[in-house]
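# Descriptive analysis of the structure
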Amino acid sequence: MKRHVLHPLWVAIGLVGLILLARVFMVPDDFGVHGPSFTYNYYRLSNVQEWKNFPVKYRGKESCAECHANKVRTNRRSPHKRIECENCHGPAGNHPDDLEFLPTNEDRSLCLRCHASLEYPNNARSDLPAIVDRHHKRRRACVDCHNPHDPREDAE
Amino acid sequence: MNQEVIVHGIEWTVKELFVYPNEYIYWSIQIVMYPYMTGLVAGAFVLSSLYHVFGQEQLKDIARFSLVFSLALLPVAALPLLLHLQQPTRAMEPLLTPHFTSAISAFGIVFTTYALIVLSEIWFVYREFFVNQLSVLEGARGFWNRLRLGVYKVLTLGARDVSEEALAVDHKAAKILAGIGIPVACFLHGYAGFIFGSVKANALWMSPLMPVIFIMSAVVSGIALCMLTYIVIMEWQAFRLRRTGSTVEAGRVKGAESEIISQAARYLLGFLVAAISLELLDLIFRGYTAMKSWDILRSVMYGKDFVNIFVLQYTLGNLVPFILLLLPGRTVRRTVLALLLVLFGVFMMRWNVVIGGQAFSLSFSGYMHYHMPVFPHSLETFKEGLFGALTVAATPFVLFWLINKFVPSLRRVPGET
Amino acid sequence: MSCSRRQFLKDAVGSGLVAALPASAFVFISSDEAKAALAETKVRWAFLVDTTKCTGCGFCVAACKNENEIPYDAPVTRTWVERYVVTKDGVTHADSPMGGRDGFTENVIQGQEIEPEDIDKAFFVPKLCNQCDNPACVQVCPVGATYQTPDGVVLIDREWCIGCGYCIMACPYGVRFFHPEKKVADKCNFCYHRISKGLQPACVQSCAFGARRIANLRDPDDPVTKIITTERVAVLKDEYGTKPNVFYIGLDENVR
């Protein structure tokens, strides 16, 4: 029988061997099935910890209270008590270590998110005091007159 | 906004009415090119196999050519994917960690298997030629001749026996590979259809018919391209022969052609009818069952995409070439026109599936309009624009020209062995 | 049996073995690992959205962008808020400008000004990744770059994603997108880095109205879990069989 017929097969096997060899070097060791199914649990295991290590930016009002206790106390007695400080002041991150002052957003557009009148029936929006933007003190910042920490008070 | 921070897809997508914020046309012209090119590969191979396996003698000339052309098309099939991937340097990963629940993971394995089959079959068909070239080029001078000698030495893979027995084994092996190759070619293209047909989230793509429709139209496009290229080349050669005054040979070239063309055209028409029947069946079913997505699909298919689907694809791309190929008194010119229209029709089918499937939002309440980038102003608008597509379209011809220098597949005068 | 047929069979068996080798080498399931993974499932994360409380302020979208480093001005977002206005003529108008990042401050929707007296109902619907039990996006990833953790969150491996976009096409909810800078797929992961430390996701924390809450379905004492299991809740697009884990109170039939 003519053996030369097998020569292309050897080339093919060689190629497959190369791919398997490449796999040893190029695929991370922890890549595999880490769970009940190949369909949903085939991955590189160390990626999970990588995501857990992703830096946290928003710290929350409790964290602000550690230094800014008075402001937080005022705020907690007001209708704005459930608004996070960082919604307007931006994420605290490592503040004050690498960011001494947080860039506070004092633009009208921030307040209008909740307080622009939309007149929607049966909507939680309608429970909020609202203005029509173009009719109410255009060109002024809301904080010029209103205290965002306690909106019942006048501006600070 | 920083120039680097461009949302992929935003430059060629225009949203209309209510579209989810993250929706863009992510799969654009290169994803249209990819099934088109793999379809040509599969079709060219099937045409070649019609001779090798089923002994259709009239197809002998075109079979050798389409086999080599299918090799030239093969790397080009991978090119649109490389141009599309957001991380092309990781393109080997489907071979390294294939997640077999994904249709796309089949790509690495099927593509490699199919490449090996085509290469092996070409090897068996041309082995005698390679070995003969060794003695023809021995002692020849000049860089090009020495290069060719070196290449042929490698290509023989050490099998230099050209006895009657050995050649008979070659023919047998080529026949077996051609036979195995047909289902693999079908799989190569069927899986591309499965990629779309299995996406339940897409109301237009989701259909069990999709893999079959893709295979049928792939074979159509492959046969059409091989016929077309073959006609062009043979007509060109006949034209050159006529210019030098060899009228007799020119006559023989034309004569041999028309039998080949008739036979190939018969197969082409068969697959064409199959493809269009399935597509119409799909459309009729959708309209009849009128699922939740039917309203938006109807407005896309009968509205903004009406010309693309019914005029360009169904009429110009299917009906007109069908008539042209069946009418008596078929001329070469009419055949060429029909083949060009068929190729255009199959392209439009890919376009209407890929782009059409992204023409409506997942909300079923909005549309996305595709504006293919024409003149590139960035790497992305080149890769995923007209010029990227043209690069992909032109490459097989360049590759074929190169491969043909070592593996000649065109004959000067038919009848020569 | 003739020579060539024998040869053919030898070739077929040889190539079969060759094909089996890579197939077996690629996949391994260690039963110990599988058991350990299942034991970890004392946590199964889920989410509760109360559309009756959402005012469309959009602070959640802004917070998410900042927390998860999604370029603020890029029109892609891990979570978004949709506005629906159903007018008396039976037309449902819907929009989500920049995903609701800047809130909704005008009564102009899809370029049309709507008079309040023409409105039958109007509401806001926050959306985010449903962290499905049967995530279609994970099923279609060709390389294993996206996956489901034992606690039910679907994550994306940024180092391994090839950027093919198949997962984005496969998600029926449209939550996935290409990260404009990282050039890989991205989506909401319930702020996995926060919930793993006992913090709330950024969107939950920033919501002043309590419209967004996270839950652990395996904890019978979790107050949010109690709502999900004892009150009437709905999910989006359950016809796709994905088994989503974001539950909605007040989900209207007009929601797309």
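Residues numbered from 1 in each chain as written. Chains lettered and ligands numbered in written order. Predicted model: local features only at pLDDT ≥ 70, side-chain atom pairs only at ≥ 80, totals over all residues.

Attention now goes to the overall build of chain C. Of regular secondary structure, chain C possesses 8 helices and 12 strands. Counting over 256 residues, chain C shows a buried share of 51%. Considering only contacts in chain C between residues 6 or more positions apart, those separated by 24 or more positions represent 64%. (Helix = DSSP H or I, 4+ residues; strand = E, 2+ residues; numbered from the N terminus. Buried ≥ 20, exposed ≤ 12 C-beta atoms within 10 Å, placed from the backbone. Contact = placed C-beta atoms within 7 Å.)

Residues and elements named next belong to chain C. With respect to topology, 3 strands assemble into an open sheet ordered β3-β2-β6, the strand pairing being antiparallel. At either margin of the open sheet sits one strand with a lone partner, and together these are β3 (92–95) and β6 (119–127). This sheet shows a mean twist of 15° between the axes of neighbouring strands, independent of strand direction. Judged from the 8 bridges that link them, strand β2 (residues 80–87) and β6 form a sheet pairing that is antiparallel. Counterpart to Trp-80 in the pairing with β6 is Lys-127. (Pairing = 2+ DSSP bridges. Axes fitted to C-alpha atoms, helices over the stretch in contact; angles between N-to-C directions.)

Right, let's talk about the pairing of β2(C) for a bit. Residues and elements named next belong to chain C. Judged by how many residues are buried, β2 sits mostly within the fold: 6 of 8 residues are covered. Where β2 meets β3, 4 bridges bridge the pair, whose relative direction is antiparallel. The residue bridging Tyr-84 from the neighbouring strand is Ala-94, located in β3. The loop that links β2 with its antiparallel partner β3 comprises 4 residues; one of these, Gly-90, has a positive phi angle of about 85°.

With that out of the way, let us pick up the interface of chain C and chain A. Listed by partner, the interface residues are 58 residues for chain C and 51 residues for chain A. Ranked by residues supplied to the side of chain C that touches chain A, first place goes to helix α1 (residues 3–26) of chain C with 8 residues. The residue inventory of the side of chain C that touches chain A, partitioned by class, reads 30 nonpolar, 20 polar and 8 charged. (Nonpolar A, V, L, I, M, F, W, Y, C, P; charged D, E, K, R; others polar.)

Facing 40 residues of chain B, the contacting portion of chain C comprises 45 residues. Considering every element that reaches the side of chain B that touches chain C, the biggest residue donor is helix α6 (residues 164–197) of chain B, with 3 residues. Considered class by class, the residues forming the side of chain B that touches chain C number 22 nonpolar, 12 polar and 6 charged.

Residues and elements named next belong to chain C. With mixed pairing, the 3 strands of this open sheet are ordered in space as β11-β1-β12. Each end of this open sheet is capped by a strand with a single partner; those strands are β11 (212–216) and β12 (246–249). Neighbour-to-neighbour, the strand axes of this sheet turn through a mean angle of 25°, independent of strand direction. Pairing geometry for strand β1 (residues 45–50) and β12, over 4 bridges, is parallel.

Before going further, it helps to examine the confidence of the model for chain C. All names here are of chain C. Summing up the model confidence of chain C, the mean pLDDT is 89 and the portion of residues at 70 or higher is 84%. Across residues 17–29, where pLDDT falls below 50, the model places 15 contacts with residues more than four positions away in sequence or in other chains. This prediction of the complex comes with two scores: 0.90 for pTM and 0.92 for ipTM. (pLDDT = per-residue confidence, 0-100.)

Residues and elements named next belong to chain B. For chain B, per-residue confidence averages 88 on the pLDDT scale, and 94% of positions sit at 70 or higher. The least confident element of chain B, judged by mean pLDDT, is helix α8 (residues 247–289) at 81; the most confident is strand β2 (residues 366–370) at 97. Across residues 412–417, where pLDDT falls below 50, the model places 8 contacts with residues more than four positions away in sequence or in other chains.

The next thing to look at is α6(B). Over its 34 residues, α6(B) extends 49 Å from the first C-alpha to the last, a length consistent with the 50 Å expected when each residue adds 1.5 Å. Of all the bends in α6(B), the largest measures some 30° and sits at B:Gly181, one to four residues before the proline B:Pro183. (Expected span 1.5 Å × (residues − 1). Bend = angle between axes of the 7 residues up to and from the residue.)

Attention now goes to the environment of A:Tyr42. Looking at the secondary structure, you find A:Tyr42 in strand β2 (residues 42–44). Overall, the presence of 28 C-beta atoms within 10 Å leaves A:Tyr42 in the buried class. When neighbours within four sequence positions are excluded, A:Tyr42 is seen to be in contact with A:Val33, B:His99, C:Gly144 and C:Tyr147.

Before going further, it helps to examine helix α6 (residues 108–115) of chain A. Most of α6(A) is tucked away, with 7 of its 8 residues classed as buried. Every buried residue of α6(A) is accounted for by A:Arg108, A:Leu110, A:Cys111, A:Leu112, A:Arg113, A:Cys114 and A:His115. Buried-residue contacts for α6(A) involve α5 (85–89) of chain A together with α3 (59–68) of chain C.

Let us look at the pairing of β1(C). Put simply, side chains in a regular strand alternate between the two faces of the sheet. Residues and elements named next belong to chain C. The buried fraction of β1 is high, at 6 of 6 residues. By the alternation rule, side chains of β1 split into Trp-45, Phe-47 and Val-49 and Ala-46, Leu-48 and Asp-50, which are all buried. Across 5 bridges, the pairing between β1 and β11 is antiparallel. Paired with Ala-46 across the bridge in β11 is Ala-215.

Mapped onto the elements of the fold, C:Asn216 is located in strand β11. What makes C:Asn216 partly exposed here is the crowd of 18 C-beta atoms within 10 Å.

This part covers unusual backbone geometry. In this model, A:His95 is joined to A:Pro96 through a cis peptide bond whose omega is 5°. Position of A:Pro96 among the secondary structure elements: in the loop between α5 and α6. Of note, A:Arg139 is a non-glycine position whose phi angle comes to about 70°, a positive value. Mapped onto the fold, A:Arg139 is located in the segment after α6. Unusually for a residue other than glycine, C:Met98 sits at a positive phi of about 50°. For C:Met98, the location among the structural elements is in the loop between β3 and β4 (108–109).

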